[in-house]
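# Notes for the structure review
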Amino acid sequence: MENLMLNLNIESKPLEIISYFSSELFIILGVILNLLFFLFFKRKLNIKRISDFINCCIFIINSLILSSILIKSSHYLNEFNFTILNNLFSLDKNNLIIKLLINIFMIIFVLSTYKLTRKARFKTPIINSILLLTVLTSCILIQCQNFILIYILLDFTTILIYKYASNMRIRKDNIYSNDFVTIGSFASILFFSFYLLSFFIKDTTQLNIIHLCMALSIFLKIGIFPFVNYLINKNYKNNIPYSVLLFCFLPWIGILAFNKICDFINYTDEICQITLIIFFTISILYFGIFAYKQKNIIKFLTNSNYCFCCFCLLNILFFSSNELSVKYSTLIAFCFLGIYSILSIIKINTKTEKINLVSIKGIYFNNRLFALSFAILLLIATNIIPSSIMKYNIQILKNIYIYDKLSFVTIISIIISYILILFNSIKIIQNLYNFNFKNIKEKLKRKTTLNYVVSIVIIIFLIASINL
């Protein structure tokens, strides 16, 4: 590891490349172990515990490795930039931090949901193998410096998330979701069709229109598209792990991918900007209105997250690739992960299929820590409690206004959508404290200490990081 940091300016040696890919190699090792467990020990129920333990250990080891590289790079070099395969992949401090955060995200995900994925009918080693591969494609995507390869890796990530969910289905003979397959396939066909068409177009205006269509297909791929998105799939409502990956992790990775793609495609052309501003304005209003109308909490969180992601993508549109959008999207992803961690407590303790307002009504009187954590995370996400999310929200809003003062309609749409999301958040929090003595809920008795720890740590981090 030290040789890697001290010899970055000379030709890469095999051992240095192995050190560079050490976290990815551990992930591949974890996939092999999980597959071996499934093939030879799948009838033993204890193997599910071992599989979860291995996944968690791999993510922890990777976090330690990446942290050590980051510390060494800061100590030995002012600027850390390592490239291989003719600059096809690169590693700098920003990429290191994002890879580290992806692994931390998955540690939290495993600790929050392992009781939901350890049911007898679920193939836990297979699910954990797919989760490791999802992290692998995401980490490689972060380091990739090739436009088309970035999209291919994003495509693989969505397919792996689908396979994760399909291995948690109850019926063995049916695919998990026709809607997911249709949307994902259509987005890929559109993207590659326009990409091939770009080789035959010489006119600048036509080429900008093609790039615009490619951007829209990327938004469709990650679900940030009004009227047609992954919310039309009904299977996520009773599958929290799937919801976390599809509605929290995928939009985050999609934003990171689009942020890198903007290094290769310039969207400062007037046609692209006007069209995408209109698209994002409609999307923000659409998701804000639907978030306000939702009684199902998973749907509410998804619409809210999509609304915030559109806001983040708007900043990328105006300022191309930038760190502010990366930081904001990362914090939003972790905030919603904390909320899903709290919702997992209900799923673990009850037989509730859909988590709605009735599911959490009056829960404060028996589970005060649940109500407090859930309320604080919602208020942080909606910018009521000061946090780093509020800080970056204000900066992005200021950037949009300074860049184009005529885009006041978009700014008004953002404010209206945020107010609508806040109103429904207050309604949800109110249900935590309202109850009927005749229908008072039983205390959540099953052990969920890790879920509470996760939410509290995320709350402390989001509030404390406002000074960073």
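Provided above is the structure to which this section pertains.
Everything quoted here is computed from the prediction, not taken from an experiment.

### Side note on the side chain of Asn95
Along the chain, the position of Asn95 falls in helix α5 (residues 93-113). Asn95 sits in the buried class, given a relative accessible area of 8%. Excluding its chain neighbours within four sequence positions, the residues that come into contact with Asn95 are Ser90, Ile142 and Gln143.

### With respect to unusual backbone geometry
One non-glycine residue with positive phi stands out, namely Phe227, at about 70°. For Phe227, the location among the structural elements is in the loop between α9 (204-221) and α10 (240-261). We note that Asn383 has phi near 70°; this positive angle belongs to a residue other than glycine. In this structure, Asn383 sits in the loop between α15 (368-381) and α16 (388-403). Asn383 gets classed as buried once you look at its relative accessible area, which sits at 15%.

### Topic: the packing of helix α7 (residues 147-166) against α10
A pair of packed helices is captured by two measures, namely the crossing angle of their axes and the spacing between those axes. In the contact formed by α7 and α10, the axes pass within 10 Å of each other and the chain directions differ by 180°. For the element pair α7 / α10, the angle class is roughly antiparallel. For the pair α7 and α10, contact is made by Phe147, Ile150, Leu154, Thr157, Thr158, Ile161, Tyr164 and Ala165 and by Pro241, Tyr242, Leu245, Leu246, Phe249, Leu250, Ile253, Gly254, Ala257, Lys260 and Ile261, respectively. For the contact of α7 with α10, the per-class residue count stands at 15 nonpolar, 3 polar and 1 charged.

### A closer look at the packing of α15 against helix α18 (residues 449-464)
With their axes 10 Å apart at the nearest point, α15 and α18 run at an angle of 35° to one another. Like other packed secondary-structure pairs, α15 and α18 cross with a definite hand, here left-handed. Between α15 and α18, the contacting residues are Leu369, Phe370, Ser373, Ile376, Leu377 and Ile380 on the first element and Tyr452, Ser455, Ile456, Ile458, Ile459, Leu462 and Ile463 on the second. Considered class by class, the residues forming the contact of α15 with α18 number 11 nonpolar, 2 polar and no charged.

### Details of the nonpolar core
Core analysis: the largest hydrophobic core is formed by 159 residues, its most contacted members being Phe105, Tyr328 and Phe374. Per element, the largest residue contribution to this core is 17 residues, and it comes from helix α13 (residues 323-349).

### Quick notes on the packing of aromatic side chains
Scanning the entire structure with this criterion turns up 33 aromatic pairs. An aromatic cluster is defined as three or more aromatic residues linked by ring pairs; in this entry it consists of Phe147, Tyr151, Phe191, Phe192, Tyr195 and Phe199. Geometry around Phe290 places Lys293 over its ring, the cationic atom sitting 5.2 Å from the centre. Over the aromatic face of Tyr292 sits the side chain of Lys427, whose NZ or CZ is 5.5 Å from the ring centroid.

### Considering helix α12 (residues 297-319)
Here α12 is 23 residues long and its end C-alpha atoms lie 33 Å apart, about the 33 Å a rise of 1.5 Å per residue gives. Most of α12 sits inside the fold, with 21 of its 23 residues counted as buried. At the N-terminal boundary of α12, the capping side chain belongs to Asn296, with an oxygen 3.0 Å from the backbone nitrogen of Ile298. Immediately downstream of α12, the backbone of Ser320 shows phi near 55°, a positive value.

Calculation notes
Residues numbered from 1 in each chain as written. Predicted model: local features only at pLDDT ≥ 70, side-chain atom pairs only at ≥ 80, totals over all residues. Heavy atoms only, no water. Helix = DSSP H or I, 4+ residues; strand = E, 2+ residues; numbered from the N terminus. Buried < 20%, exposed > 50% of the residue type's maximum accessible area, 1.4 Å probe, protein only. Contact = heavy atoms within 4.5 Å. Axes fitted to C-alpha atoms, helices over the stretch in contact; angles between N-to-C directions. Parallel < 35°, antiparallel > 145°, perpendicular 65-115°, else oblique. Nonpolar A, V, L, I, M, F, W, Y, C, P; charged D, E, K, R; others polar. Left-handed = near helix turned anticlockwise from the far one by under 90°. Core = buried A, V, L, I, M, F, W, Y, C linked by side-chain atoms within 4.5 Å. Phe/Tyr/Trp six-rings, centres within 6.5 Å; stacked < 30°, edge-to-face > 60°. Lys NZ or Arg CZ within 6 Å of the ring centre and 35° of its normal. Expected span 1.5 Å × (residues − 1). Polar contact = N/O pair within 3.5 Å; in protein donor to acceptor, adjacent residues only side chain to side chain.

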